[in-house]
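Tertiary structure, described
Residue-level listing of the chains:
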Amino acid sequence: MWRPGRQTNTFSDRKGTFDPTDTRHVKHTKLEVWDFYEEREPKLARIPGSSSLEKYMDLLEGLPYVWRMVKDVLAIPTCAVLLLLYAVGQLGQAIFPALGLWYQGQLLNIVQVAIDTRTVDASHLLHVSAGRIMCSLAQRAMAILSFRVQEPLTARIGRWYGVRLFHARARLDLPTYETTNVQRQLDEVFPESDLGKIPVAFEALQTAAIFVRAGTQVLAQGFALMQVLGEHRDGLLLCVITGLSQGTMWFSQLNAMQPTRVWAATTTNEEYVKMQGWRRVVSDAAHRKEIVAGNLGEYASSEFKKASDKVGDKAGEFREQQRWEAVRQGFSLWTLFEHPFQYVPHIVFALRAIQYPASIPVSLASLHLIQSAMHGLIANFYRLANSTSSVAEQLAAVRKLYEVGNIKNKVQDGTVPFPEDASEIKSSVAVEFRNVSFKYPGAENYALRNISFKLAPGQLCVIVGVNGSGKSTILKLIVRLYDPDEEEILIGGHDIRTLKLHDLRQAISVLFQDFTHFPLSIRDNIAIGDPSAAGDDDHVRLAARLGGAESFIEKLPDGFNTYLDRPVRDLKERRHSSDAASTTARCGMQGIAVARTFMRSVVSEDTNVGLLLFDEPSASLDPVAEHDLFNRLRELRGSKTMLFSSHRFGNLTRHADLILYMNESVVVEAGTHEELLKREGEYANIWKLQAQAFM
Ligand SMILES: Nc1ncnc2c1ncn2[C@@H]1O[C@H](COP(=O)(O)OP(=O)(O)OP(=O)(O)O)[C@@H](O)[C@H]1O
């Protein structure tokens, strides 16, 4: 935790928390007026590839998932062949450069022999030259092969995992989806934008390929280099010197590239803070009036100067100080010698050339050969070392990828099929709440307390009450968006927790108050109400007609194919039509939502829906449209049980078999309209005040 002393400013690039007084894990540096705290690196972190030692634990945990991933990827059609080609390309790129190096050494031998004996073995020369050229060609061909294969491979793996991840996310229930941990888990796996994103699985394979390739290359090049060295005077000496100079250069570059760890900065220098305060006073137009009217210009200047003199030259912004510190740290005794060290091999070469003038051309060529070989070798060594840590990161990513599929839903599935007898549904279903209490996850107060009521099959229940009284929550519990904390809900005489979730939800048609429109076409928005009939255009059209949306939809230029909110934006500077269309379309949204519900419940003769739930569908309608909708609902529901929530006391309550009048999470009064009027309680009072206006 960050325990603020008298800090006035803190910055941080990375998310993280630490205690600045914990000197074992946090390093404190004074950067002029700033106190800079950074997380100490583990001691081993300087060794390339070890900076993520803790990630190796992830690596172990990730291994079983990798096995699954490999099996999955190989099972994707044609991926096995593509992967094989990719592996060949990668291995080729590792082996051919080493082979080329060996041929180059052979060429040098030929030159050496030519100088010493004045003879050339022409066929050997031809053979070696051809070998050298073939290696170059093959190396290039392997690079092209890898590159060409990568595109279809990435696309195929991406598509396969895309579908899998889509399902992993789509299947989650509400309380699970709303959990912070689950959200974090999903965020880690789903990139914000898919643009140019390489699928995690392919990235992991690619990293593994780089790892294997770099390892093979190090071995092959090392081997070839040994061969070349064995045949050249001073080869080993030149090799060691070149290796040392290049290795150290890499090492210092690597250190310079260390990523910023978790850090924070603060200042306790009061004069610096005062300076910044005055700076704001004069730069912010909001203070100008008072500065001028109060004659504060001179005073402000002298105060600023006083503070500035006290702080002196240390008054830099934190970022600026941090930059200077980085520059300061960049200089060391080693950096002084680093550069001249690069020339040591040349000096050694020059000295030897003076000693053996006859071998100058060969030595020159071997120097070049050894230098470029060492360069490649060391670059590969570092690539290898770095890829070990990224292999660990990739494995962790693969594990997360698969774990998303294992997230358990909080609402547990039941085992009892519903309805056991299909004709049961046709005659609609009974609903009963037995002393149900419920709190939303993380909420302190009850959203429902001791709710009890009973609805016989085919009855109409209207739940009324002010906003926040708990009406919607009753409907949400019936479809098991959440489970009650206490007691039980029965549907058709069964505790709903025992019923198969799919069957239960299949038997219910629900229209939520805060219904949303999917970024799909209007047709699909309606059809989604009943996936089993989604392909039937007449069915969709009828649902739209019954929902009162057909005439509105037909007036749109693209009719049922109109997108209210197009998920793919045209890539041009301005958009005219789509916005205009969506403004007009908004008016018909309610109708589309009702049509979606009807698609499931009333259009089809042999529907399996026995219970209709409407959560304030008339909230945004004017009284005439509301009256219309009520009549339509009453007509169309047939014998189905219906629960209807509303904060208005109007038309529908008079037709209700049961009215639940709710206030502050409890049912205050229950009965028919007549019964409640007779009782002259709260319902009767409010009805008298409100209802006539809507009749
Ligand atoms: N997802 C949620 N998380 C936490 N609390 C919630 C959530 N949804 C509703 N509530 C709270 O539960 C209580 C009952 O809400 P509910 O939505 O059931 O009331 P309502 O009578 O339907 O009102 P409205 O018509 O405004 O939806 C309210 O206090 C509300 O703030």
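Residues numbered from 1 in each chain as written. Predicted model: local features only at pLDDT ≥ 70, side-chain atom pairs only at ≥ 80, totals over all residues.

**Regarding the overall build of the chain**
A count of helices and strands for the chain gives 25 helices and 13 strands. Buried positions account for 32% of the 695 residues belonging to the chain. (Helix = DSSP H or I, 4+ residues; strand = E, 2+ residues; numbered from the N terminus. Buried ≥ 20, exposed ≤ 12 C-beta atoms within 10 Å, placed from the backbone.)

**Here's the deal with the packing of helix α2 (residues 79-117) against helix α3 (residues 122-170)**
With their axes 7 Å apart at the nearest point, α2 and α3 run at an angle of 160° to one another. Comparing their axes, α3 and α2 come out roughly antiparallel. Between α2 and α3 lies a crossing of left-handed hand. The class makeup of the residues in the contact of α2 with α3 is 23 nonpolar, 13 polar and 2 charged. (Axes fitted to C-alpha atoms, helices over the stretch in contact; angles between N-to-C directions. Parallel < 35°, antiparallel > 145°, perpendicular 65-115°, else oblique. Left-handed = near helix turned anticlockwise from the far one by under 90°. Nonpolar A, V, L, I, M, F, W, Y, C, P; charged D, E, K, R; others polar.)

**Quick look at the UniProt feature "transmembrane region" (unreviewed entry) in the chain**
Under the present numbering, the feature "transmembrane region" (unreviewed entry) in UniProt falls on residues 73-103. The distance separating the terminal C-alpha atoms of residues 73-103 is 38 Å; by composition the span is 90% helix and 0% strand. (UniProt positions renumbered as here; feature names shortened; annotations may be inferred.)

**A few points about the pairing of strand β9 (residues 508-511)**
Of the two faces of β9, the one lined by Ile508 and Val510 and the one lined by Ser509 and Leu511 are each fully buried. Direction of pairing for β9 relative to strand β10 (residues 611-615): parallel, over a ladder of 4 bridges. Counterpart to Val510 in the pairing with β10 is Leu613. (Pairing = 2+ DSSP bridges.)

**So, the site of the ligand**
As a structural note, the neighbourhood of the ligand is formed by 14 residues, with Tyr440, Ala447, Asn467, Ser472 and Thr473 the closest of them. With 3 residues, the top contributor of residues to the shell around the ligand is helix α16 (residues 471-478). For the shell around the ligand, the per-class residue count stands at 3 nonpolar, 9 polar and 2 charged. (Near = placed C-beta within 6 Å.)

**Focus on the pairing of strand β11 (residues 641-646)**
In the case of a regular strand, side chains alternate between the two sheet surfaces. With respect to burial, β11 is a largely interior element, 6 of its 6 residues being buried. Burial along β11 is two-sided: Thr641, Leu643 and Ser645 and Met642, Phe644 and Ser646, pointing in opposite directions, are all buried. Sheet topology note: the strand β6 (residues 460-465)/β11 ladder contains 5 bridges and is parallel. Across the sheet, residue Val462 finds its bridge partner in β11, namely Phe644.

**Quick notes on the packing of helix α8 (residues 270-283) against helix α10 (residues 297-311)**
Across the interface, α8 lies against α10 with an axial gap of 9 Å and an inter-helix angle of 150°. Taken together, the axes of α8 and α10 lie roughly antiparallel to each other. When you trace α8 past α10, the crossing you get is left-handed. Here Glu271, Tyr272, Lys274, Met275, Trp278, Val281 and Val282 of α8 lie close against α10, whose contacting residues are Ala300, Glu303, Phe304, Ala307, Ser308, Lys310 and Val311. (Contact = placed C-beta atoms within 7 Å.)

**Concerning helix α11 (residues 318-330)**
Taking 1.5 Å of rise per residue, the 13 residues of α11 would be expected to cover 18 Å, and the 18 Å separating its terminal C-alpha atoms lies within 8% of that figure. Burial within α11 is sparse, with just 0 of its 13 residues counted as buried. (Expected span 1.5 Å × (residues − 1).)

**A word on the sheet that holds strand β4 (residues 431-438)**
The 4 strands lie next to each other as β5-β4-β7-β8, forming an open sheet whose pairing is antiparallel. Single-partner strands in this sheet number two, and they are β5 (448-455) and β8 (494-495). In terms of strand pairing, β4 meets strand β7 (residues 486-491) through 5 bridges, oriented antiparallel. By the bridge assignment, Val431 is partnered in β7 with Ile491. The strands that α16 touches are β4, β5 and β7; relative to β4, the one it contacts most, it runs at about 115°.

**Looking at the sheet that holds strand β13 (residues 666-671)**
The mixed open sheet is built from 6 strands, whose spatial order is β9-β10-β11-β6-β12-β13. A strand with exactly one partner marks an edge of an open sheet, and here the two such strands are β9 and β13. The average angle at which neighbouring strand axes cross in this sheet is 15°, direction not considered. As paired strands, β6 and strand β12 (residues 658-663) are joined by 5 bridges and run parallel to one another. Within the sheet, the bridge partner assigned to Gly465 lies in β12 and is Met662.

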